[in-house]
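# Structural features, examined
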Amino acid sequence: MLSALDTGFEDGFLGFLDRDIGKELLRFTTAGSVDDGKSTLIGRLLHDSKAVYEDQLASVKKSKINRSGGPIDFSLLTDGLRAEREQGITIDVAYRYFSTSRRKFIIADTPGHEEYTRNMATGASTADLAVILVDATKGLLPQTRRHTHIASLLGIPNLLVAINKLDLLDCREDVFLRLQEDFLALAERLEFPAAQCIPISALGGDNVAVRSERMPWYSGPTLLEHLETVDIRPSVNGDEVRFPIQYVIRPDASFRGFAGQVAGGILRPGDPVLALPSRQKTRVQSIVTYDGELREAGPAMSVTVKLEDEIDLSRGDMLVSPSAPPRVSRRLEAMVVWFDPRPLELNRVYLVKHAGRQVKAKATQIRYRVDINTLAHLPARQLEMNGIAAVEFETNESLFFDSYCRNRTTGSFILIDPLANATVGAAMICEDQHQPQPTVESEDAGTASVAAGQAAITLLERQQRHGHRPGILLLEGREVLAKQLERSLFERGFEALVLEGDTLSSEVLPLLLKPLWSAGLLVIYSCQSIAQAERDAIEALAADYAFDLAALHLSADDCEAVRQVLALTKSLYTEIRSENQRAVN
């Protein structure tokens, strides 16, 4: 039998665990320019909140690398990579966990260097608060503005502005007030609801976890006090059900469930749901987890949903509220943060990964680029590395999405280079200003749409869909080059097709080319020798858009020859753009 002392200890320990489990969790990230002191601040915060193990502290004290000039280089508590310690910069995102009596915290210490902006965006993507550091000796730098803008695009609701290194300026109040005014003006332009500015010295610990005696003029909260008390708002809409399907579970003939993570709303047994893209309606039969069935499942919960009706669903499909569906479209506009050294190219094919769904897409227009210093919207034809711009996209299959401000999961996607398989951009979908009609058509609306669509599709409509005019390239005796051209043109957004003409007669060729031309395709007619009758038939069909590549005197090197042909086909883009512009005017 347990003694009264043992029982009291057990009750106290279980009570402590219950209280600890019930603590609110705050995810926050650091952001700012190089050498603003982000890693030092996080190391100091961990040290002063007693969240560093003794062996970790001993290892840092023994380190041969110490740029702080004091007994401890606090940045080494987060910068663990050898390259980070050698160069004194943060490269990868470092995640750290600690807790106080009031809250639990997950910190993402992100790089400040321009080259690693992609890592900053990754670390900030799930944050509830951003700690923006400003070096008091340098003021607001372009990278500080860029990170603040990215925090705004990512929908981070709270800003904590740490004016660091004031100890190097004798802890002067006027310096703090001037920088506070500059940053609050920036935050207002980016439409942040609130920003708390705190004067600190990360190296000395002033106003980090303990109030500073060197800054008696400051009466606000310390950085840790603000972290413990700031209001955390939900990041997704609480009413609109969004359940992207990740996996279909079928262990036996008696069970068929759909696994995924709830991206919005509350799912309960008996609730009606709409399946996209099939638009079939059904109800939730049960919500299953490893620990048993649940009465409800909310945002960020990973569950398996069993439906009352046997409907066909697979990875990338979505269950939504019938009364509040997302937009369903192949066209969308998004704010893009570009990560790749190679600029974003219009009409080049990229992969879009969105809520478990992967489709092909091309950027059709850059509406404007953001000047990171003035936040002005400037015209642009391409988007360089670390640039931010509003871009219009067209996908080959419909996506089911909301605006990012309504739902972070269904309102965001990443762009992938299909050749390098590298993530090249992150995108936040904008509110739709152009289509006030319902997002998912009713049966009556669908019937009307079908009735209105009986008119024949014109060649101009196909050109606008493809983004280029049709054309025919005549290529003699270069079969390998023909395949390379097809691949290169396809990757640049052309609907390209190789037609091998050696097995076709002069009578059959026009009959085959005409439907390909009408479909708006760019045909590479490859043949060992092209007869004059065939040339005449092709010229009669395509006129100025039949290109005899022999006239280019193509290089014997296939790679160089591809570049020559690509330069020639740019006129197909230019022509269709000018025609579209005339139609608008």
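Residues numbered from 1 in each chain as written. Predicted model: local features only at pLDDT ≥ 70, side-chain atom pairs only at ≥ 80, totals over all residues. Heavy atoms only, no water.

### Some words on the overall build of the chain
As a reminder of what qualifies: Starting at the N terminus, helices and strands are each numbered in turn, a helix being any DSSP run of H or I of at least four residues and a strand any DSSP run of E of at least two. For this analysis, residues touch if any pair of their heavy atoms sits within 4.5 Å. What sets the accessible areas is the Shrake-Rupley method with a 1.4 Å probe; for residues, cover comes only from the shown protein chains.
Within the chain one finds 14 helices and 25 strands. In the chain, of all internal contacts separated by at least 6 residues, the share reaching a separation of at least 24 is 71%. Working note: accessible area of the chain is about 28800 Å², and carbon and sulfur atoms make up 50% of it.

### Notes on the sheet that holds strand S25 (residues 546-548)
Our working rule: Two strands qualify as a pair provided DSSP detects at least 2 bridges between them. To obtain an axis, a line is fitted to C-alpha atoms, over the contacting stretch when the element is a helix, and the angle between two such axes runs from 0 to 180 degrees between their N-to-C directions.
Strands sit in the order S23-S24-S22-S25 across an open sheet of four strands; the sheet is parallel. Lying at the two open borders of the sheet, with one neighbouring strand each, are strand S23 (496-500) and S25. The sheet shows a mean angle of 20 degrees between the axes of neighbouring strands, taken without regard to direction. The pairing of strand S22 (residues 471-476) with strand S24 (residues 522-527) spans six bridges and is parallel. Residue pairing in the sheet places Leu474 in a bridge with Tyr525 of S24.

### Thoughts on empty space enclosed by the protein
Here is the rule we go by: Using protein atoms alone on a 1 Å grid, points that fit a 1.4 Å probe yet trap it form a cavity, whereas open point sets bounded by protein on both sides within 12 Å along at least five of seven lines form a pocket; residues with an atom within 4 Å of a point count as lining. Grid points are joined across faces, edges and corners, and a volume is the space filled by probe spheres set on the points. Gly is put with the polar residues, along with every residue not named as nonpolar or charged; the nonpolar set is Ala, Val, Leu, Ile, Met, Phe, Trp, Tyr, Cys and Pro, and the charged set is Asp, Glu, Lys and Arg.
Applying the stated criterion across every chain yields a total of one cavity of 30 Å³ or more. Estimated volume of the largest cavity: approximately 30 Å³. Those elements giving two or more residues to the lining of the largest cavity turn out to be strand S9 (255-261) and strand S13 (302-307). Per-class residue counts for the lining of the largest cavity are two nonpolar, no polar and four charged.

### Quick look at helix H2 (residues 38-48)
In plain terms, the rule: Three labels apply to residues, based on accessible area from a 1.4 Å probe with only protein chains included: buried if under 20% of the type maximum, exposed if over 50%, partly exposed otherwise in between.
With nine of its eleven residues buried, H2 lies for the most part within the structure. Of the positions making up H2, those classed as buried are Lys38, Ser39, Thr40, Leu41, Ile42, Gly43, Arg44, Leu45 and Leu46. Its buried side turned inward, H2 meets strand S1 (24-31), strand S2 (94-99), strand S3 (103-109), strand S4 (129-135) and helix H8 (223-229). Looking one or two places after H2, you find Lys50, whose phi comes out positive at around 60 degrees.

### Things to note about the sheet that holds strand S6 (residues 195-199)
On the basis of which strands lie adjacent, the open sheet formed by six strands has the order S2-S3-S1-S4-S5-S6 and mixed pairing. Sheet topology places S2 and S6 at the edges, where each strand pairs with a single neighbour. The mean angle between the axes of side-by-side strands here comes to 25 degrees, regardless of whether they run parallel or antiparallel. Sheet strands touched by helix H6 (residues 142-153): S1, S4 and strand S5 (158-164). Its angle to S4, the strand with the most contacts, is close to 170 degrees. Against the sheet, helix H7 (residues 173-189) engages S4, S5 and S6, with an angle of about 160 degrees to S6.

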